[in-house]
Amino acid sequence: MKATGPSQSPLLLLDVIDILDRSRVPYVIVGAIAAAYHGVVRASRDADAVVSLPSADIPALVQRLKVAGLEVEVRKGGSDDPIRQVLTLMDSHTNRVDLLWGVRGMEKGALDRGRNASFLGSTVRIIGPEDFIAMKLFAGSAKDLVDVQGVLEVSGKTLDLPLLRKVTRRYGVQETRRLASLLKKYIPMT
């Protein structure tokens, strides 16, 4: 394991990614690490990724994670929960990784549009900026909206705006309206 003490969740994420890669489970990093990649640095005590795999394959993945020495908690969302399932992983140092599965509104293309990036000496997949913004608009907390504003300020001129509008529409009318308002403010003349 790469993590040697507490407050090293990004290193634990790299161990988890090694398991995901060996298991051929598609993933993209989201959350604070993706925010930093897209230009908005903020602190977080955990690391997050979205995974895609058939429901029938989840028990085998859980077993591989446990064999690697991780504590695994499986939480299923209710019918109105935007996330179908979360696998919370912890190591002996209390480092934490959340693997999100079945995010309502997120299309499989979000994983395909992920970008390869160098992270702590490893190559990882990070969610693209358009999908990141749409997902954060859907999450909708104050912290999420600050992330969106930061990405628009830093990378707004390089975004694929038709793609951004398309993926945001999948999340709903409220998110689409919020995006339109933010685009007017951060990317005038759109």
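Per chain, the residues get numbers from 1 upward, laid out in the order the sequence is written. In keeping with the model being predicted, local features are shown solely for residues with a pLDDT of at least 70 and side-chain atom pairs are shown and tallied solely at 80 or more, while totals for entire chains, interfaces and linings include all residues. For side-chain calculations, the full set of non-hydrogen atoms in the structure is used, while hydrogens and water are omitted.

**Some words on helix H8 (residues 173–186)**
1) Next: Labels follow the DSSP assignment, with helices taken as runs of H or I lasting at least four residues and strands as runs of E lasting at least two, numbered in each case from the N terminus. By this rule the span expected of a helix is its residue count minus one, scaled by 1.5 Å. Compared with the 20 Å implied by 1.5 Å per residue over 14 residues, the 20 Å span of H8 between its first and last C-alpha is a close match.
2) Next: Exposure categories follow from relative accessible area, calculated using a 1.4 Å probe and restricted to protein chains: below 20% of the type maximum is buried, above 50% is exposed, and the middle band is partly exposed. Buried within H8 are the following residues: Glu175, Leu179, Leu182, Leu183 and Tyr186. The buried residues of H8 occupy an angular sector of 105 degrees when projected down its axis, which confines them to one face. Residues of H8 that are exposed and point more than 90 degrees away from the buried face comprise Val173, Arg177, Lys184 and Lys185. Taking the helix axis as origin, the arc is that swept by the directions to the C-beta atoms.

**Some details on the pairing of strand E3 (residues 71–76)**
Across a regular strand the side chains alternate sides, sitting on one face of the sheet and then on the other.
1) Next: Strand direction decides the pairing type here: E3 and strand E4 (residues 83–90), joined by six bridges, are antiparallel. Bridge assignment links Glu73 to a residue of E4, and that residue is Thr88.
2) Next: Here a strand pair is declared whenever DSSP counts at least two bridges between the two strands. Hairpin geometry of E3 and E4 is characterised by an intervening segment of six residues between the two adjacent antiparallel strands.

**Points about the packing of helix H5 (residues 129–139) against H8**
1) Next: Axis definition: a line fitted to C-alpha atoms, limited for helices to the stretch in contact. Angles are taken between N-to-C directions and run from 0 to 180 degrees. Packing of H5 against H8 brings their axes to within 9 Å, and their N-to-C directions diverge by 115 degrees. When the axes of H5 and H8 are compared, the crossing they make is right-handed. Residues Ile133, Leu137 and Phe138 of H5 form the contact with H8, whose own contacting residues are Glu175, Arg178, Leu179 and Leu182.
2) Next: Split by residue class, the contact of H5 with H8 holds five nonpolar, no polar and two charged. Should the near helix be turned anticlockwise from the far one by less than a right angle, the crossing is left-handed, and should it be turned clockwise, the crossing is right-handed. Here a residue-residue contact requires only that any non-hydrogen atoms of the pair lie within 4.5 Å. Note on residue categories: nonpolar means Ala, Val, Leu, Ile, Met, Phe, Trp, Tyr, Cys or Pro, charged means Asp, Glu, Lys or Arg, and polar means any other residue, Gly included.

**Quick look at the packing of H5 against helix H6 (residues 142–155)**
1) Next: Remark: H5 packs on H6, axes separated minimally by 8 Å, with the N-to-C direction vectors making an angle of 155 degrees. The orientation of H5 with respect to H6, classified from their angle, is roughly antiparallel. In terms of crossing hand, the pair formed by H5 and H6 is left-handed. Across the interface between the two elements, Phe132, Ile133, Lys136, Leu137 and Ala139 from H5 touch Asp144, Leu145, Asp147, Val148, Val151 and Leu152 from H6.
2) Next: The residue inventory of the contact of H5 with H6, partitioned by class, reads eight nonpolar, no polar and three charged. Working rule for angles: under 35 degrees goes down as roughly parallel, over 145 as roughly antiparallel, 65 to 115 as roughly perpendicular, anything else as oblique.

**Digging into the pairing of strand E7 (residues 122–126)**
1) Next: Looking at chain direction, strand E6 (residues 115–119) and E7 are connected through five bridges and run antiparallel. Residue pairing in the sheet places Ser118 in a bridge with Thr123 of E7.
2) Next: Connecting the antiparallel pair E6 and E7 is a turn made up of two residues, with Leu120 showing a positive phi of about 50 degrees.

**A short note on the environment of Val74**
1) Next: Residue position: Val74 is located in strand E3.
2) Next: Residues Val74 and Gln85 lie 11 residues apart in sequence; the distance between their C-alpha atoms is 7.1 Å.
3) Next: For Val74, the contacting residues outside a window of four places in its chain are Val62, Gln85, Val86 and Leu87.

**Focus on the packing of aromatic side chains**
1) Next: Think of it this way: a Phe, Tyr or Trp ring, Trp meaning its six-membered ring, pairs with another when their centres are within 6.5 Å, and the plane angle makes it stacked under 30 degrees, edge-to-face over 60, tilted otherwise. Following the criterion strictly, the structure yields one aromatic pair and no others.
2) Next: Their ring planes at 35 degrees and their centres at 4.9 Å tell us that Phe138 and Tyr171 sit as a pair that is tilted. Of this pair, Phe138 sits in helix H5 while Tyr171 sits in the loop between helix H7 (161–169) and H8, and the two are 33 residues apart along the sequence. Tyr171 carries the same exposure label as Phe138, and that label is buried.
3) Next: Over a ring means this: the NZ of a Lys or the CZ of an Arg is within 6 Å of the ring centre and within 35 degrees of the ring normal. Just above the ring of Trp101 sits the side chain of Arg84; from NZ or CZ to the centre is 4.8 Å.

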